[in-house]
Structures are given as structure tokens and as C-alpha cells.
Amino acid sequence: MDYKYIEQLVERYFQCQTTLQEEQILRSFFAQSPEEVPGQLRRYAPLFAALTPDEPALGDDFDERILALTEEAAPVVKARTVSIAERLRPLLRAAAVVAVVLALGQAMDLSMRSAQPQNDDINYAAYHDTYEDPAVAFDQVEDALELLSDGYSRARTADSIISVMAVQGDSTQVE
């Protein structure tokens, strides 16, 4: 017997190109006994056998059984109040750990600093004034600050001239 038509219908079925009548033909073909179905098409028999509406999927008492199961298995939820202290306990623990780590770090830093000898740049024991008269010292400091101010003013003037020349596009050098 030639089963080309059935093979073509199976191919079209898997490509979603069959009509309802052609699917009914496939269901009725695969509903026959397994010995009558050829070997190359037997692998499709369970698929089409599952699609046949021979057996009702649900019994008459299905609704009653489901309702009985849902009524019996109603879970009882016990609510419990959680205080603010219980909610904040993990946060407080983390803050305590951070505080302990910082305290240990500060203690280590303090102990390391006290263990090192302190070297000051100025030897205060050997320090002595170079000026006997405060007026002379004041004049010397005033002269030094005036020199510093003059140098700053000249540098600022030169920078402003260079920036003006750069804006104008003049490439001559400033002395």
C-alpha cells in the first residue's frame, strides 16, 4: 500500500499547513492498530493518538475533587509583628563591626606614631636670634617682602602682555 499521501500530510502538519479535515484524516489513520501503520510512520503514532478525543480528559467529578482539595489545603498564615529593633539589628551589627575596626586602626596608628622618634627640623635648644634690634629685623623682612612683591608684579605683567599678544596673534617675543 502506498502511504505517500499520509507522509505528505505529516510533513504539511509539521509546517502548520494542514486544514482541520486533513488533521482528522491523520488522527483516524494513526488511531488504527499499530501493526497496520507502516514502520517509518510509527514514530508519529503517539502524537496523533494523544490528540484523539476518544477519552474524556476530565471526569464528571473533577470539579468536586478540585474544590475539595482547595478547601482542605487552605494554609494558615500566622502573622508576627517585627519590632524596629529586630529590623535594625543587622544594621547595628554592621555599624558595630565598622566601629571596632576603626578603633583598632586608630589604636595601631597611635601606637606606631608614639614608637617613632620625633625629628623636628628646628633645634630649639640651639636657636638664637640674629638681630639685637627688632627695628632692624622688621626692616629686613620688609625689604624681602618688597622684593618678592616686585618680582610677582613683573611676572604678572609679562603674563598679561603675552596673553594679549596671543589673542591679537602677534608672535614677537617679550623681554
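Small disclaimer: the values here were computed from a predicted structure and weren't measured.

Now for the overall build of the protein chain. Of regular secondary structure, the protein chain possesses 6 helices and 0 strands. Overall, the protein chain shows an N-to-C arrangement of helices and strands of α-α-α-α-α-α. Considering the protein chain as a whole, with its 175 residues, one finds that 11% of them fall into the buried category. Here the contacts in the protein chain between residues at least 6 apart in sequence split such that 31% fall between residues at least 24 apart. Summing over all exposed atoms, the protein chain offers an accessible surface of approximately 15,800 Å²; the carbon and sulfur share of this is 58%.

Take a nonpolar patch on the surface next. A cluster of nonpolar side chains, Ile 84, Leu 88, Leu 91 and Leu 92, forms an exposed patch at the surface whose accessible area comes to about 420 Å². With respect to the helices and strands, the residue Leu 91 is situated in helix α5 (residues 84–115).

So, about the environment of Ser 28. Following the sequence through the fold, Ser 28 ends up in helix α2 (residues 20–30). Only 2.9 Å separates the side chain of Ser 28 from the backbone oxygen of Ile 25, close enough to count as a polar contact.

With that out of the way, let us pick up the pattern of salt bridges. Throughout the structure, instances matching the rule amount to 4 salt bridges. Arg 12 serves as the salt-bridge partner of Glu 22, at 2.9 Å between the closest nitrogen and oxygen. Pair noted here: Glu 22 is in helix α2 and Arg 12 is in helix α1 (residues 4–14), with a separation of 10 residues, a long-range link. By relative accessible area, which is 13% here, Glu 22 ends up buried. Salt-bridge contacts for Arg 27 lead to Glu 23; the nearest nitrogen and oxygen are separated by 3.6 Å. Residue Arg 27 and its partner Glu 23 are both found in helix α2; the two are separated by 4 residues, about one turn of the helix. Like Glu 23, Arg 27 is buried.

About the cut-offs
Residues numbered from 1 in each chain as written. Predicted model: local features only at pLDDT ≥ 70, side-chain atom pairs only at ≥ 80, totals over all residues. Heavy atoms only, no water. Helix = DSSP H or I, 4+ residues; strand = E, 2+ residues; numbered from the N terminus. Buried < 20%, exposed > 50% of the residue type's maximum accessible area, 1.4 Å probe, protein only. Contact = heavy atoms within 4.5 Å. Areas by Shrake-Rupley, 256 points an atom, 1.4 Å probe, with all protein chains shown as cover. Patch = residues over 30% accessible without salt bridge, like charges linked within 9 Å, V, L, I, M, F, W, Y side chains within 5 Å. Salt bridge = Lys/Arg side-chain N within 4 Å of Asp/Glu carboxyl O. Polar contact = N/O pair within 3.5 Å; in protein donor to acceptor, adjacent residues only side chain to side chain.

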